[in-house]
Amino acid sequence: MSTNIRFKNRFIKPEDSEDRQYVGFATLPNQVHRKSVKKGFDFTLMVAGESGLGKSTLVNSLFLTDLYKDRKLLNAEERISQTVEITKHTVDIEEKGVKLKLTIVDTPGFGDAVNNNECWKPITDYIDQQFEQYFRDESGLNRKNILDNRVHCCLYFIPPFGHGLRPIDVEFMKALHEKVNIIPLIAKADCLTPNEIKKLKDRVRDEIEKFGIKVYQFPECDSDEDEEFKQLDKELKECTPLAVIGSNTVVEARGQRVRGRVYPWGIVEVENQSHCDFVKLRSMLIRSHMHDLKDVTCDVHYENYRAQCIQDMTSKLTQDNRVDSPLPILPLPTPDAETERLIKMKDEELKRMQEMLEKMQQQIHEKEQ
Amino acid sequence: MAATDVDIFSNEEKRNLSLGGHVGFDSLPDQLVSKSVTQGFCFNILCVGETGIGKSTLMNTLFNTMFENEEASHYQNSVYLRPRTYDLQESNVHLKLTIVDTVGFGDQINKEDSYKPIVDYIDTQFENYLQEELKIKRSLFNYHDTRIHICLYFIAPTGHSLKSLDLVTMKKLDSKVNIIPIIAKADTISKSELHKFKIKIMSELVSNGVQIYQFPTDDEAVTEINSSMNAHLPFAVVGSVEEVKVGNKTVRARQYPWGVVQVENESHCDFVKLREMLIRVNMEDLREQTHARHYELYRRCKLEEMGFKDTDPDSQPFSLQETYEAKRKEFLGDLQRKEEEMRQMFVSKVKETEAELKEKEKELHDKFEQLKRMHQEEKRKVEEKRRDIEEEMNAFNRRKVAAETLSLSQPLKKDKDKKN
């Protein structure tokens with residue numbers, strides 16, 4: 001399986017270099033490739049959903065490692081008033097010379113307590129924190145070694161036991177859809193027959209549209225991509241949300257050793273396309289769209305955050321001239337002299353009225369006494 | 001004829017006698033049975049579980065029929081209970097089955113009050129029965145008993161442990177109703193995970209003191225099967241009303257791309273065990289437990305609240321009647337006293353307000369008087385001024401007239417002078 005479907009290696013033929021019309025910048029992709037391999041990649045993935053939906057198993061299956069050794073699960077009693085924590089696991093993995101620093105951000109405790117009001121707040125705070133830190137680093141003087149901890153993608157696990165999205169799912173996705181790329185998944189899909197899966201997917205897609213949740217959209221293919229890629233892309237778009245099953249145990253099925261789950265009535269193969277969408281998820285998340293997820297995070301979510309942040313800061317500054325900006329910002333265009341004058345007038349009027357009010361209050365107070 | 005054994009005990013103790021021949025009262029159970037068959041049976045099931053977990057499907061599968069059911073939505077603001085009554089018949093036995101569904105359970109973001117509607121419903125059914133029992137003219141034999149005989153608690157198959165909501169709800173319900181926990185949608189858990197899951201659930205229930213229904217092991221006919229079933233709790237069930245052809249039989253099953261889960265196959269799930277236990281073996285015991293244990297507990301608490309006791313300070317058994325009368329008198333006395341108090345309060349308040357109003361009236365009156373006086377003063381002044389002005393006017397007029405006549409007479413005089 002090629003590691004990079006889109007990039008085709010151009011082998012420079014010796015005749016070309018003698019051709020006067022050949023300049024040579026067609027080698028740019030090669031150069032980019034080399035540099036990026038040298039630099040290495042990083043990716044931050046967040047998994048969110050109630051406990052018991054198979055998040056850890058899926059992450060282990062996706063990256064074929066065991067990230068969750070020695071994990072302690074809480075009892076039901078301890079979870080009654082549990083708060084959401086944020087835990088990070090970072091691993092360095094390498095494949096064919098390409099290094100990837102993978103960070104998995106886990107959210108244990110989400111949706112587990114009896115009262116889950118605003119339980120997504122720690123998560124949104126965490127994402128904002130990462131943005132803020134990057135913002136500061138980016139505006140600092142020494143920008144050589146910025147650490148990018150921003151969350152590039154959030155896999156949200158929807159339980160398959162219900163009839164669609166539940167209120168907590170809707171609230172969570174609405175709180176996060178403008179901060180991070182959300183990819184909704186139907187977890188533990190081995191409890192649904194193919195008909196039920198289709199019904200549930202249609203239901204969830206309709207509800208996502210109805211509530212105006214902006215999940216991650218796959219970019220349109222360029223028209224010069226090959227057919228195979230276009231076909232994959234089309235299938236992917238029709239399949240959302242993906243119904244996944246995870247497993248890291250190897251079993252024997254149909255004479256082969258595959259990863260799957262053994263039941264008395266059959267064996268579910270994780271990598272069998274007719275059993276679940278795990279393969280699609282893996283190819284989408286890792287093999288084709290990983291970089292696009294990073295780009296959308298940088299270009300859309302982070303820029304939105306930055307613009308909002310700067311607007312808040314400058315509006316605060318014009319009110320209070322004593323505070324120095326911690327970051328170098330361009331001065332906003334000053335409002336008209338006319339409006340400024342009006343504003344000043346109104347301010348003075350307000351002040352006068354306030355004084356009058358105070359005097360009257362004092363008078364009343366004295367009269368009472 | 002055999003000699004009868006005569007025990008030399010006091011008259012109050014019963015004596016065991018042996019019979020000389022066949023009397024025939026061994027047909028008593030049969031008489032009882034035929035009577036209850038003609039009366040018909042009634043059974044009430046409460047299904048508690050999240051929306052979409054498979055409660056309706058399991059009921060359809062258990063009773064092998066299609067009860068009408070619309071899918072519930074996830075967006076209810078609060079939990080409410082939906083009871084439905086059906087009349088079923090098998091051979092010549094009539095069953096009045098009531099299935100109560102919890103709609104909206106587990107969907108809200110804040111689930112702290114989710115258990116309340118359920119507890120309230122159960123209490124209401126007990127209350128209704130209690131009221132009927134306490135009536136003067138009562139008809140318990142054809143009273144439609146709506147008390148919940150069994151609560152099936154559906155646990156989501158997470159594979160880890162109970163959810164916090166499950167624990168809280170079961171603790172509130174275990175003293176009011178027989179609970180049987182079941183693991184729903186069990187076709188998503190593999191055998192080894194299931195074993196661990198069941199052990200974890202039972203240990204959590206035990207460590208938190210939740211009392212679930214134990215199948216009775218005191219009746220020799222069923223003790224063996226019941227005790228083995230007790231070890232299989234909670235039952236892992238799969239429900240289905242669709243039929244799939246397996247081999248040369250058509251069975252109820254779920255068809256997956258990787259296999260077929262047969263509902264009635266004991267190695268696939270515990271559905272058959274649940275059906276055995278719930279319907280075929282222990283239904284009557286469940287009804288008895290509800291009446292003898294849970295209902296009696298409710299009744300005792302309720303009556304104690306009202307102030308009844310079984311024995312008074314002299315440890316003479318109270319008759320309910322007397323206590324009732326005494327209570328009633330007390331209550332009426334209280335009522336009267338309260339009425340008096342309220343009347344007094346009302347009267348005093350009225351007096352106060354009257355006094356206030358009178359004062360205000362007086363004040364107003366005074367003011368009025370004052371104003372009147374002022375007004376009169378002003379009037380007087382104005383009158384004076386008017387008179388002054390009039391006088392002036394008169395004076396002025398007189399002077400004017402005088403001046404005129406003078407001027408008139410002056411030319412006359414002049415004329416006169418001239419004439420003269």
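Quick caveat: nothing in here was measured; it's all calculated off a predicted structure.

Undergrad: For this particular structure, what's the right way to read the packing of helix H3 (residues 115-134) of chain B against helix H4 (residues 164-173) of chain B?
TA: Geometry of a packed helix pair, given as the angle between the helix axes and the separation of the axes. Residue and element names in this part refer to chain B. Remark: H3 packs on H4, axes separated minimally by 10 Å, with the N-to-C direction vectors making an angle of 20°. Here H3 is positioned roughly parallel relative to H4, judged by the angle of their axes. H4 is crossed by H3, and the crossing has right-handed handedness. Residues Tyr115, Ile118, Val119 and Ile122 of H3 form the contact with H4, whose own contacting residues are Val168, Thr169, Lys172 and Leu173. For the contact of H3 with H4, a count of residues per class yields six nonpolar, one polar and one charged.

Undergrad: What exactly am I supposed to notice about the environment of proline 264 of chain A here?
TA: Along the polypeptide, proline 264 of chain A turns up in the loop between strand S8 (256-263) and strand S9 (266-269). A relative accessible area of 38% means that proline 264 of chain A is categorised as partly exposed. When sequence neighbours within four positions are dropped, the list of residues in contact with proline 264 of chain A reads Lys191, Ser267 and His268 of chain B.

Undergrad: Is there a simple way to think about the interface of chain A and chain B in this case?
TA: The figure often quoted for interface size is the accessible area lost as the parts come together. At the junction of the two partners, chain A supplies 53 residues and chain B supplies 44 residues. Interface area for chain A against chain B, summed over the two sides, is near 4,000 Å², with a carbon-plus-sulfur share of 55%. It is Val114, Phe161 and Trp265 of chain A that lose the most area in chain A upon contact with chain B, and together they represent 21% of the buried surface on that side. Our count for the chain A to chain B interface comes out at three salt bridges. One salt bridge connects arginine 261 of chain A with glutamate 193 of chain B, and the closest N-O pair in it is separated by 2.9 Å. Between chain A and chain B we count 17 residue pairs in polar contact (both at pLDDT 80 or more) in total. Broken down by secondary-structure element, the contributors of at least two residues to the side of chain A that touches chain B are helix H5 (167-176), helix H6 (194-210), S8 and S9 of chain A.

Undergrad: Which parts of the structure should I look at to understand the nonpolar core?
TA: Where a protein is soluble and globular, its nonpolar side chains tend to be buried together. Leu155 and Phe172 of chain A together with Leu152 of chain B are the most contacted members of the largest nonpolar core, which totals 153 residues. Top element by residues in this core is H3 of chain B. It accounts for eight residues. Each residue touching leucine 155 of chain A, except ones within four places of it in the same chain, is listed here: Leu45, Met46, Val47, Ala48, Leu62, Ile183, Leu185, Leu281 and Leu285 of chain A.

Undergrad: What is the right way to read the domain arrangement of chain B from this model?
TA: We note that the domain assignment places domain 1 (38-306) and domain 2 (319-399) within chain B. In this structure, domain 1 of chain B and domain 2 of chain B have C-alpha centres spaced 70 Å apart.

Undergrad: What am I meant to see in the pattern of salt bridges here?
TA: In a structure, side chains of opposite charge can pair up when their charged atoms sit close to one another. All names here are of chain A. Following the criterion strictly, the structure yields 43 salt bridges over all chains and no others. For arginine 205, the salt bridge goes to aspartate 202, with nearest N and O atoms at 2.7 Å. Of this pair, arginine 205 and aspartate 202 both sit in helix H6, three residues apart, which is roughly one turn of the helix. Judged by its relative accessible area of 30%, arginine 205 is partly exposed. Among the residues examined, aspartate 202 registers a relative accessible area of 29% and is labelled partly exposed.

Undergrad: I tried to follow the UniProt feature "site: Important for dimerization" (unreviewed entry) in chain A on my own but got confused; where do I start?
TA: All names here are of chain A. As recorded in UniProt, the sites labelled "site: Important for dimerization" (unreviewed entry) are Phe161. Looking at where phenylalanine 161 falls in the secondary structure, it is placed in the loop between strand S4 (153-158) and H5. Given a relative accessible area of 3%, phenylalanine 161 falls into the buried group.

Undergrad: Before we go on, may I ask you to explain the sheet that holds strand S8 (residues 249-256) of chain B in this structure?
TA: Residues and elements named next belong to chain B. Spatially, the three strands line up as an open sheet ordered S7-S8-S9, and their pairing is antiparallel. Looking at the sheet topology across the chains shown, the edges are occupied by strand S7 (243-246) and strand S9 (259-262). Strand after strand, the sheet turns through a mean of 65° between neighbouring axes, direction not considered. Note: S8 against S9, four bridges, orientation antiparallel. The partner of tyrosine 256 across the bridge, within S9, is glycine 259.

Undergrad: Sorry if this is basic, but what is going on with the side chain of threonine 44 of chain A here?
TA: Residue and element names in this part refer to chain A. Mapped onto the secondary structure, threonine 44 falls in strand S1 (residues 41-48). You can call threonine 44 buried: its relative accessible area is 3%. Setting aside residues no more than four positions away along its own chain, threonine 44 makes contact with Thr103, Val105, Asp148, Asn149, Arg150, Val151, His152 and Cys153.

What counts, and at which threshold
- Residues numbered from 1 in each chain as written.
- Chains lettered and ligands numbered in written order.
- Predicted model: local features only at pLDDT ≥ 70, side-chain atom pairs only at ≥ 80, totals over all residues.
- Heavy atoms only, no water.
- Axes fitted to C-alpha atoms, helices over the stretch in contact; angles between N-to-C directions.
- Helix = DSSP H or I, 4+ residues; strand = E, 2+ residues; numbered from the N terminus.
- Parallel < 35°, antiparallel > 145°, perpendicular 65-115°, else oblique.
- Left-handed = near helix turned anticlockwise from the far one by under 90°.
- Contact = heavy atoms within 4.5 Å.
- Nonpolar A, V, L, I, M, F, W, Y, C, P; charged D, E, K, R; others polar.
- Buried < 20%, exposed > 50% of the residue type's maximum accessible area, 1.4 Å probe, protein only.
- Buried area = accessible area lost by both parts, 1.4 Å probe.
- Salt bridge = Lys/Arg side-chain N within 4 Å of Asp/Glu carboxyl O.
- Polar contact = N/O pair within 3.5 Å; in protein donor to acceptor, adjacent residues only side chain to side chain.
- Core = buried A, V, L, I, M, F, W, Y, C linked by side-chain atoms within 4.5 Å.
- Domains from an automatic or database assignment.
- UniProt positions renumbered as here; feature names shortened; annotations may be inferred.
- Pairing = 2+ DSSP bridges.

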